[in-house]
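Breakdown of the fold
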Amino acid sequence: MSVDLSQFLQTFFEESFEGLDTMESGLLELDPQQPDKENLNTVFRAAHSIKGGAGTFGLTAISDFTHRMETLLDRLRSGEQAVTAEAVSALLSAVDCLRSMLEAIQADQQLDSDALSAAQRSLDEQLAIGSSGTGSNGKDGGTASSPGADSNGAAAGGTRSGGDGSAGAGGGKGNGDDHHGWRIHFEPEPHLLTTGNDPARLFRALADLGELKVECNSSGLVPFEELDPESCYLSWDLQLHGKVSREDIREVFEWVEDDAVIEIEPLAGKAQSSASAAKDEELEQANESHSAAGGDAPAAASVPANQSANAADAAPATDAKASAAKAQAGAKGGDGTAKKSKSSSSIRVDTGKIDALIDMVGELVITQSMLSQIGKEFTQERLEELQDGLAQLERNTRELQESVMRIRMVPISFAYSRLPRIVHDTSRALGKEVDFNMEGEQTELDKTVMEKIIDPLVHLVRNSVDHGIEMPEERQALGKPQKGQITIDAYHKGGNIIIEIGDDGKGIDRDKLLNKARQAGLVEDGAELADSEVFDLIFHPGLSTHDQATEYSGRGVGMDVVKRNIRSLSGSLNVRSSAGVGTTITISLPLTLSILDGQLFRVGDQTFIVPLVSVIESLQIDSSKVSRVTSRGEVYHWREGYVPIVRLHELFDTEPSRNELAGGLMVIVEDEDSYIGVFVDDLLDQQQVVIKSLEANYLRVPGIAGATILGDGTVALILDIAGLVEMSRGGPRQPVIPEREEAD
């Protein structure tokens, strides 16, 4: 039966990108001075999985390239080669290249051959260093000896022997090539069969290498009544005769090496003398070193990768190869399936959330059945029963909606994942030393918000490294630690998520920023601005505190994009800075862009909505507490302070029911630590509303976050509190909703 592997391509891409994230984070956590072996094992397993999956789908370019990475990682984790900053950098570059290759294949585009060649050269240089570090003279050249080396069979310089059974991909090529047979003990873990692996398939792959004898050990069998049909209770002892290398055998078992005990030893009496074996081993390693340094590694690397893919599916070989070829053709210019899949997105959901959703659907079905029964036999006496049923339906609908919204909530750690690499690369390029701390990684927000917040976070963090953190010698002169600190934190506050990016750098030079703004004509000479207003100038396009443009900043084209993106999410930005102490930028965002609890009120014949979490209180206006401030309009004395009064009918050209403030109604709303009073004609009820984008369907209007359709079919505008606060401070105003421009 033919299996169409192309249907699993999207899953392969998703899992591969997750694997790359794991590799990147693991490599960034590596300390060359004290490398964590478990960390290296995690990175190696991720690369191994990607290589195996690529081989299954016939994506040889991916599997060959990953095989190089795997070889270097195996040397690092075994201690055969020292972990250095250069090796980590080469692997990080390889991760970037591999990500680009996967994205190109997924989008049906050509691979970047120049970037691929550069990444290959970088890996080959590291492989050559490792190969030349252990020569035939027994000197290790400063590299660490393998902790897994067999004391009886290891070469003098710590080179791993073929008899220890631990040779990794590329690390033991040629070990035992002159043996004429191998004894193999294969003892699977009980769960092996549940992973989709079949021992019989592995044995058929071994039989293709030489004459195979199989002996089954059934001593682990349990009584029939205790037998689990999905568990494996058997082990096998095999004898493979033929001129086969240890690496060829391990390639067959690489799919199950984490799920089984595998021991490989030469058959007794068939091996050469110890002296001859050691000599041949040194010769093979010298050849391997020459291959890695001389540029022949690509051809050598492609062989085991293909063997791996074939061994994994040796039984249905013809059908699997045909399906893999079909999958590769589809990814590289066939029917465009892969291209379409790129635009799709998926989300991993905890099964508990799915169970809760199913329970809610069950409750909804019961309520619907009850209402249907009442409808069929309705009388006036059952009116109260009908009202109770409708109330139950409302509760069920709300709970169902909340369950669905919880499914869309994902940890912000997904947005955090790119930031350590940004800090690592930027600080290294600028010659700075930075400790990057991430907090609140499990704080959840809507998937749509999370996807759109990634780019602003990247720019703000890079900006902290470039603008905020000083050079090491400058920090020492100021009495600061040589390493700068950048911290990002996320937490919930009311109905919003708050993200703070802070550093302990030099802070914003207030006077320099204000002078540049005056030179650019953004601030009038002699005008006095509060600190918050001055710091907000960093978001103005074309304004930068750097005197010279660099690769990372100085052109004034980044922070304005950040602010625009945050505002498109109905969010707000706040900057706090102290010279010589550091800067903290706070982002406030709604948890979701889909549904909100709102307070409805009327101005004239128009209905407006404000998010309920933003409402502090509503009150009747006392005219004695109203004052006028020159150039600032009207303010109201409230709670030991003053709040600006916003007349919506003036902003949006609506005829109000009343113009006089005295005796009228005002709703006090907040955004972060800022408050305004919205003058309204009448307060209506509170209800949940579905948010529709006004910008996508009409135009962006300052002060408006979106629109919704009410139960009676009318359209109500949802107010953007951050925008109204900015207007109250004299920011961009739009008194009349703009006419939509006709398309040419």
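This text follows the structure it describes.
Source: prediction; values computed, not measured.

Counting secondary structure elements, the chain contains 23 helices and 22 strands. For the chain, the exposed area adds up to about 37,000 Å²; of that, 49% sits on carbon and sulfur atoms.

Moving on, we come to the packing of aromatic side chains. Following the criterion strictly, the structure yields nine aromatic pairs and no others. Judged by centre distance (6.2 Å) and plane angle (85°), the ring pair of Phe186 and Phe203 falls under edge-to-face. Of this pair, Phe186 sits in strand β1 (residues 181-188) while Phe203 sits in helix α6 (residues 199-207), and the two are 17 residues apart along the sequence. For Phe186, a relative accessible area of 0% translates into the label buried. An aromatic cluster is built from Phe186, Phe203, Trp236 and Phe253, whose rings are joined through pairwise contacts. Between Arg77 and the ring centre of Phe44, over which it is positioned, the NZ or CZ distance is 3.6 Å.

Right, let's get into the environment of Val434. Structurally, Val434 is set in strand β6 (residues 434-438). Note on Val434: relative accessible area 14%, which makes it buried. With 49 residues separating them in the primary sequence, Val434 and Lys483 have C-alpha atoms 5.1 Å apart. The residues contacting Val434, other than those within four sequence positions of it, are Val423, Ser427, Val465, Ile469, Gly484 and Ile486.

Together, Glu187, Glu189, Glu215, Asp237, Glu263 and Glu265 give the surface a local cluster of negative charge. Relative to the elements of secondary structure, Glu187 occurs in strand β1. In this structure Glu187 comes out as partly exposed when scored by relative accessible area, which is 37%.

This paragraph deals with the packing of helix α12 (residues 351-376) against helix α13 (residues 383-408). Direction vectors running N to C along α12 and α13 enclose 160°, while the axes themselves pass 9 Å from each other. In terms of axis orientation, α12 runs roughly antiparallel to α13. Taken as a pair, α12 and α13 cross one another with a handedness that is left-handed. Here the contact of α12 with α13 is built from residues that sort into 15 nonpolar, six polar and five charged.

Take the side chain of Asp681 next. With respect to the helices and strands, Asp681 occurs in the loop between β19 (674-680) and β20 (682-690). There is no salt bridge for the buried Asp681, and the closest opposite charge comes from Arg602, which lies 4.4 Å off by N-O distance. A distance of 2.6 Å separates a polar side-chain atom of Asp681 from the backbone nitrogen of Gly604. With near-sequence residues (within four places) excluded, Asp681 lies in contact with Arg602, Val603, Gly604, Pro656, Ser657, Arg658 and Leu665.

Another point: the environment of Leu234. Structurally, the position occupied by Leu234 is in the loop between β2 (211-217) and β3 (235-241). For the pair formed by Leu234 and Ser218, sequence separation is 16 residues and the distance between their alpha carbons is 5.2 Å. If near-sequence neighbours (up to four positions away) are discounted, Leu234 is found in contact with Pro188, Cys216, Asn217, Ser218 and Leu221.

Time to look at helix α18 (residues 510-519). Of all the positions in α18, only Leu513, Leu514 and Ala517 are classed as buried. Seen along its axis, α18 keeps its buried residues to an arc of 95°; they face one direction. When the buried face of α18 is taken as reference, the exposed residues oriented beyond 90 degrees from it are Asp511 and Gln519. Summarising the contacts, the buried residues of α18 are in contact with α19 (531-535). Where α18 ends, the next residue or the one after it, Gly521, has phi of about 80°, a positive value.

Criteria and thresholds
- Residues numbered from 1 in each chain as written.
- Predicted model: local features only at pLDDT ≥ 70, side-chain atom pairs only at ≥ 80, totals over all residues.
- Heavy atoms only, no water.
- Helix = DSSP H or I, 4+ residues; strand = E, 2+ residues; numbered from the N terminus.
- Areas by Shrake-Rupley, 256 points an atom, 1.4 Å probe, with all protein chains shown as cover.
- Phe/Tyr/Trp six-rings, centres within 6.5 Å; stacked < 30°, edge-to-face > 60°.
- Buried < 20%, exposed > 50% of the residue type's maximum accessible area, 1.4 Å probe, protein only.
- Lys NZ or Arg CZ within 6 Å of the ring centre and 35° of its normal.
- Contact = heavy atoms within 4.5 Å.
- Patch = residues over 30% accessible without salt bridge, like charges linked within 9 Å, V, L, I, M, F, W, Y side chains within 5 Å.
- Salt bridge = Lys/Arg side-chain N within 4 Å of Asp/Glu carboxyl O.
- Lys, Arg positive; Asp, Glu negative; His and termini not counted.
- Charge placed at Lys NZ, Arg CZ, Asp CG, Glu CD.
- Axes fitted to C-alpha atoms, helices over the stretch in contact; angles between N-to-C directions.
- Parallel < 35°, antiparallel > 145°, perpendicular 65-115°, else oblique.
- Left-handed = near helix turned anticlockwise from the far one by under 90°.
- Nonpolar A, V, L, I, M, F, W, Y, C, P; charged D, E, K, R; others polar.
- Polar contact = N/O pair within 3.5 Å; in protein donor to acceptor, adjacent residues only side chain to side chain.
- Arc of directions from axis to C-beta.

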